[in-house]
Amino acid sequence: MYELIKESINSDESALELAKSKKDVESVVDAISELSFKETMKLGTRFKKFPIGCDLTEIVVGTCASDLEKMDLFGNCLLANMIGAPIHICAYAFSDIAEKYGQRGVEIMEEVYNITDVPLDLDHFGKYGAMRFPKHIVGCGGDCYNQGPNFTECPRGRIHERLIDKEKSEELDKETWVKLSSSVAINLSSEQGNDGHAAPLEEAKDLADLAKKYGKGLEAIMFVGDGYDELITGFKRAIEMEVDVFVIEGGPFNRCENTNEGFAKAIAMSRILCPGKVVATNGAYESECRAGLKSGLNVIITGFPKNHHGYMCGFEPKTARRGKFGLPRVIKIMNEESKAGPTRVPIQREELLALTHAVKLAGSENIYPKTIGSFAIGDAHWVTIQNSKMYKEMNIPISLEEISNKINGDSVSLHGGRFISWLVAKELDKKGVEEIIITDSDPWVEKVSVNNLQEELNATIIPGHKDDKSVGLIAKESVITTTIPKIHNAIKSKIPHAINII
């Protein structure tokens, strides 16, 4: 394993082989622990590459805090929705706000669901539903993040107290919260030796089962800790529980000697081990955010003022405290550290709509964790988006079956070599099309798509060498298989006769 990981630092082909291979947690952690900081970043970046890793860079926004008015909460949610950022739901805060207005927490959740359509990410949820905490915890000033590393507990000696009677009083709403959510977060920190800041594993298991029951995306929150044994424990437990997304917390919960290198290694390890290929952080200092983004980090959970993610991500010790506005800072950090590929950094509403269109066209029966060849169709984002209101309300002009029915020739070119082209190719293969040409502006995307499809399909799959115009003339029929409008329109101008999917 060490040799293959070492080779993967500089080789796409080795990385592809590693992605396909069976991996055990200890071997991956051992190997990456031996790498230099520079090697770690190169490896993580390589694994943030289609199709071996999700290549989006995204913000998820915490819009709530217990002492906000409803108007402020809803305004925050509407603004997040306008920019196309999924909303991170701190269930305790929704319930605290609801209590002030004589409502149940789930009623606030329903109101947010009704005024937004982006994915809703549920957190701080337990065996009775929304967790509830005393005022000295929900109003915490962020002492641990402000003082700096390293802590195993709150510097003021607090523990994660729970108001269980309040939680039990709304237990009947538990499943409704999950039904309204797109994804659900569980916390595995207690398994890593930090039972003061997380519920016991039994609650995480209960919630994981409920998330799976309703087909929601499942996230596991873990901390960097010692960067070795504690990470191994977290990774193993997450994989056992069939988690889709790894969420790695640094900051005061990063006890590595070199915290930035330790954070980068945790992200690179996650890139290789995470089943759903999406790696996030819910808390990291600015320097850790930068190291993580250079090592393949997909998602930073940030927040509006007073939300704890607002100060937990992007600020350094002595400046990270409650009331800070993390969202603009994180956007700037992302712009400085992440390269924009086919999508902007961070992705915005236009990209989210395009991705939702792709997921809706693919159909829930085809997407992650379903596979074609050696790879899943999409990643954890696909199952999360499928549970959003944006997905439910989106109309698509044509189905996969209708695309296939429009094709009469035995040679077809597909323009745009990502997941939708795979599904269109599979439909055409079922119809008996003999030759399918895949073309993409990225030679790597084109090559991997051709090779992966050839593993499973009977048709001959041919690379188009990123020449849309020539391929469109050679093939008897063509389909534009990208859902990004700007790219779709550019291809359409070269091949006017091609079938559109948007």
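Residues numbered from 1 in each chain as written. Predicted model: local features only at pLDDT ≥ 70, side-chain atom pairs only at ≥ 80, totals over all residues. Heavy atoms only, no water.

What about the pattern of salt bridges?
For clarity, the threshold we go by: When a carboxyl oxygen of Asp or Glu is within 4 Å of a side-chain nitrogen of Lys or Arg, the pair counts as a salt bridge. A run of H or I in DSSP counts as a helix once it spans at least four residues, and a run of E counts as a strand once it spans at least two, with each numbered from the N terminus. Buried residues are those whose accessible area, probed at 1.4 Å on protein chains only, stays under 20% of the maximum for their type, while exposed residues exceed 50% and partly exposed ones sit between those limits.
Under the definition given, this model contains 36 salt bridges. Here K6 ties to E39 by a salt bridge, and the two come within 2.7 Å at their closest N and O atoms. One end of the pair, K6, is in helix α1 (residues 2-8); the other, E39, is in helix α4 (residues 37-46), with 33 residues separating them in the sequence. A salt bridge links R162 to E203, with the nearest nitrogen and oxygen atoms 3.0 Å apart. Taken together, the positions of R162 in the loop between α9 (143-147) and α10 (164-169) and E203 in helix α12 (residues 201-213) put the pair 41 residues apart, joining distant regions of the chain. Classification of E203 as buried rests on a relative accessible area of 9%. Connected through shared salt-bridge partners, E286, R290, K294, R329, K332, E336 and E337 make up one network.

Some thoughts on the pairing of strand β8 (residues 245-254)
Selection rule: By the convention used here, strands pair only if DSSP detects at least 2 bridges between them. We call a crossover right-handed when, viewed with both strands directed away from the observer, the connection leading from the first strand over the helix to the second proceeds clockwise.
Burial runs high along β8: 10 of the 10 residues are buried. Relative to β8, strand β7 (residues 217-225) runs parallel, the two sharing 6 bridges. Looking across to β8, one finds that F223 is bridged to E249. Alignment of β8 against strand β9 (residues 278-283), held across 4 bridges, turns out to be parallel. Across the sheet, the residue bridging to V247 is A280, located in β9. This β-α-β element, β8 to helix α14 (residues 259-273) to β9, shows right-handed connectivity.

Regarding the side chain of T302
Here is the rule we go by: In this analysis, two residues are considered to be in contact whenever any of their non-hydrogen atoms come within 4.5 Å of each other.
Looking at where T302 falls in the secondary structure, it is placed in strand β10 (residues 299-303). Setting aside its immediate chain neighbours within four residues, T302 contacts I59, V60, V61, G62, N307, H309, G310, G326, L327 and V330.

Re the nonpolar core
Test applied: Here, nonpolar core means buried Ala, Val, Leu, Ile, Met, Phe, Trp, Tyr and Cys residues that are tied together by side-chain atoms lying within 4.5 Å of each other.
Judged by nonpolar contacts, the single largest core of 150 residues is most densely connected at W177, I186, F235 and W382. Those residues in contact with W177, other than ones at most four positions away along the chain, are I89, A91, F94, S95, G105, V106, M109, L122, F125 and A130. With 10 residues, the next largest nonpolar core counts C144, Y145, F151 and A320 among its residues.

Quick word on the sheet that holds β9
The condition is simple: Lines fitted to C-alpha atoms define the axes, with helix axes restricted to the stretch in contact, and inter-axis angles between N-to-C directions lie between 0 and 180 degrees.
Strand order in the closed barrel formed by 8 strands is β1-β2-β3-β6-β7-β8-β9-β10, and the pairing between neighbours is parallel. If you compare each strand with its neighbour and ignore which way they point, the axes differ by 30° on average. As paired strands, strand β3 (residues 120-123) and strand β6 (residues 183-187) are joined by 2 bridges and run parallel to one another. Within β6, the position partnered with L122 by the bridge is V184. Docked against the sheet, helix α6 (residues 91-100) engages β2 (87-90) and β3, running at close to 65° with respect to β2. Together, β6 and β7 form the strand contacts of α12, whose direction differs from that of β6 by roughly 165°.

Structural notes on unusual backbone geometry
A cis amide bond links F50 with the next residue in sequence, P51, at an omega value of -5°. Of note, P51 is situated in the loop between α4 and β1 (58-62). The omega torsion across V345 and P346 is -15°, close enough to zero to call that bond cis. Within the fold, P346 resides in the loop between α17 (326-337) and α18 (349-362). With a phi angle near 55°, E242 is a residue other than glycine that sits in the positive phi range. If you trace the backbone, E242 turns up in the loop between α13 (229-240) and β8.

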